[in-house]
Amino acid sequence: MPFFAYKARNARGELMQGVLESADSGGVADQLFKTGVTPVEIVQTSKPAGDNGDGWWAKFSEKKVQPMDVQLFSRQLYTLLKAGVPIMRGLAGLQESAVNKAFARVVQDLRESLDAGRELSAAMRRHPAVFSTFYISMVRVGELTGRLEDIFLRMFDYLEFDREMRARISSALRYPIFVVVAMILAMGVINVFVIPAFAKVYAGFNTELPVMTRVLIGTSNFTLHYWPLMLALLAGAVAAFKMYIGTDAGRYNWDKSKLNIPIAGKIILKGTLARFARSFALSSKSGVPIVQALNVIAQTVNNAYVASRVEQMRDGVERGESILRTAVATGVFTPVALQMVAVGEETGELDDLMDEIAEMYEREVDYELKTLSAQIEPVLIVFLGTMVLILALGVFLPIWDLGQVAMKRGT
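Calculation notes
Residues numbered from 1 in each chain as written. Predicted model: local features only at pLDDT ≥ 70, side-chain atom pairs only at ≥ 80, totals over all residues. Heavy atoms only, no water. Helix = DSSP H or I, 4+ residues; strand = E, 2+ residues; numbered from the N terminus. Buried < 20%, exposed > 50% of the residue type's maximum accessible area, 1.4 Å probe, protein only. Contact = heavy atoms within 4.5 Å. Areas by Shrake-Rupley, 256 points an atom, 1.4 Å probe, with all protein chains shown as cover. Phe/Tyr/Trp six-rings, centres within 6.5 Å; stacked < 30°, edge-to-face > 60°. Core = buried A, V, L, I, M, F, W, Y, C linked by side-chain atoms within 4.5 Å. Patch = residues over 30% accessible without salt bridge, like charges linked within 9 Å, V, L, I, M, F, W, Y side chains within 5 Å. Salt bridge = Lys/Arg side-chain N within 4 Å of Asp/Glu carboxyl O. Arc of directions from axis to C-beta.

Chemist: Could you clarify how one ought to interpret the overall build of the protein chain in this entry?
Modeler: The secondary structure content of the protein chain amounts to 17 helices and three strands. Buried positions account for 38% of the 411 residues belonging to the protein chain. A fraction of 60% describes how many contacts in the protein chain between residues 6 or more apart in sequence connect residues 24 or more apart. For the protein chain, the computed accessible surface area is about 23,000 Å², with 61% contributed by carbon and sulfur atoms.

Chemist: Sorry if this is basic, but what is going on with the packing of aromatic side chains here?
Modeler: The relation between two aromatic rings is expressed through the spacing of the ring centres and the mutual angle of the planes. Summed over all chains, the structure comprises 10 aromatic pairs. With a centroid separation of 5.4 Å and 40° between ring planes, the pair formed by Phe-131 and Tyr-135 is classed as tilted. Owing to a relative accessible area of 1%, Phe-131 belongs among the buried residues under this scheme. Ring geometry for Phe-241 and Trp-254: centres 5.2 Å apart, planes at 90°, overall edge-to-face. One end of the pair, Phe-241, is in helix α9 (residues 211-245); the other, Trp-254, is in helix α10 (residues 248-258), and 13 residues separate them in sequence. You can call Trp-254 partly exposed: its relative accessible area is 32%. Connected via pairs of aromatic rings, a cluster forms that spans Phe-73, Phe-103, Phe-131, Tyr-135 and Phe-152.

Chemist: Could you clarify how one ought to interpret the side chain of Ser-121 in this entry?
Modeler: With respect to the helices, strands and loops of the structure, Ser-121 is situated in helix α6 (residues 120-124). In this structure, Ser-121 is in contact with Ile-136, Val-139, Arg-140 and Glu-143, ignoring residues within four places of it in sequence.

Chemist: Which parts of the structure should I look at to understand the nonpolar core?
Modeler: Grouped burial of nonpolar side chains is what soluble globular proteins tend to show. Counting residues in hydrophobic clusters, the biggest one holds 76 residues, and the most contacted among them are Phe-73, Met-124, Phe-131, Phe-152, Phe-276 and Phe-333. Here the element with the most residues in this core is helix α8 (residues 148-203); it accounts for 10 residues. For Phe-333, the residues in contact, after removing those within four places along its chain, are Leu-273, Phe-276, Met-313, Ala-327, Leu-338 and Tyr-361. If you look at the next biggest cluster of nonpolar residues, it comprises nine residues, including Leu-209, Met-387, Leu-391 and Val-395.

Chemist: Even after reading the chapter, I still don't get a nonpolar patch on the surface, so can you show me in this structure?
Modeler: Side chains of Val-189, Val-192, Phe-193, Val-194 and Leu-224 sit close together on the surface and give an oily, nonpolar patch of about 390 Å² of accessible area. Top contributing element to the nonpolar patch by residue count: α8, with four residues. Assignment of secondary structure puts Phe-193 in helix α8.

Chemist: Please clarify how helix α14 (residues 323-330) should be interpreted in this entry.
Modeler: Two residues of an α-helix separated by three or four positions point the same way, owing to the 3.6 residues in each turn. Looking at α14, one finds that the buried residues are Ile-323, Thr-326, Ala-327 and Thr-330. End-on view of α14: buried residues confined to an arc of 100°, all on one side of the axis. Residue Gly-331 follows α14 closely and has a positive phi angle near 75°.

Chemist: Looking at this model, I keep getting lost on the environment of Tyr-361. Mind explaining?
Modeler: Mapped onto the secondary structure, Tyr-361 falls in helix α16 (residues 350-370). With relative accessibility at 0%, the residue Tyr-361 sits in the buried group. Taking C-alpha positions, Tyr-361 is 5.6 Å from Lys-270, a pair spaced 91 residues apart along the chain.

Chemist: How should the side chain of Thr-326 be read in this particular structure?
Modeler: Mapped onto the elements, Thr-326 comes out in helix α14. Look at Thr-326 and you get buried, because its relative accessible area is 2%. The contact partners of Thr-326, leaving out residues within four places of it in the chain, are Met-313, Gly-316, Val-317 and Glu-321.

Chemist: What is the right way to look at the pattern of salt bridges in this model?
Modeler: Two side chains carrying opposite charge are able to pair once their charged atoms lie near each other. As enumerated under the stated definition, the model contains 17 salt bridges in all. The salt bridge involving Asp-162 is made with Arg-275; its shortest N-O contact spans 2.6 Å. Of this pair, Asp-162 sits in helix α8 while Arg-275 sits in helix α11 (residues 264-285), and the two are 113 residues apart along the sequence. As far as the burial class goes, Asp-162 and Arg-275 line up, both buried. The salt bridge involving Lys-285 is made with Asp-352; its shortest N-O contact spans 3.9 Å. Of this pair, Lys-285 sits in helix α11 while Asp-352 sits in helix α16, and the two are 67 residues apart along the sequence.

So, in structure tokens, the structure goes:
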């Protein structure tokens, strides 16, 4: 179908411009009237919708859709729907006010899909990189239950929780990563510049050097002569690792291994379980059947190993087992969380207690993150001390030996 560039005015008299695809100009006019705007000019164009005419560089450098865009979209759409604004008119306003051009095109596609008779969840499914499976499933539940505005408010809270969790983890890991990178760079500078300079001095001693010094000089020579090979091997190892974790088995094994990393593993596990509990509570409060909820949540925990445990819970529930029994069988929940699940099943308030479990795990993650630097510092200090000791012994032992020999000759 051809594309038509249009100019129109909304209810406030503001000028709107865009491009729509339709069989003829009359179809474009009908689409615009349905969204609550009045067309002023409609002209056929060869430019497809979303092409701003700035060329490939503009598309390449354009800001991608961020999670914050989806979060704000959820809150804004909740406010509009609660105020009684029709969804088509609400989407038109959000498209008009969107700062991110890429997200504005997504909203435009949602409008066009709704106008073509699709449901909102089906329209969102056309953009898997923007809307997660969990998000789309919750929107579908809202459509079926007639509580779409409540779903958008809950998704806003859920996305805020998820964003804060990721931000805390990133902030806590920033210092250790900086220290490790600085240490690696320092070792590289020492190998390339410092040790070769000392090696030239030691060459004039005409004596056998200590073992530690020979090891350092050998390591430096190897780095200087074979650094292209080392870079190639490193790049190959990174590529092979990415290919490995790209497979189902590789992703499962890597995600399971991450949970066993000293210090960081327990933080990753608790953060993942907090996301699971929050998703479960949201699904339960929205009226999603438990089996269906567990099936969707397994795709949102962002860890293949924990996802397999959630699927194991789903299979157990399908067989008629209790949530508590299936949760115990997974082996990933703490005893306190299992106690709360047991109470929730007995009282029929599992969704509220799942929220409390999420808050409990969130507090534990908060505490672990606050003490992360203190836990890592001893390891970093031991590593730095060992590296400095090796360098000191390797560099100064020959000078010490030479001084001893000179003193003996002087006496």
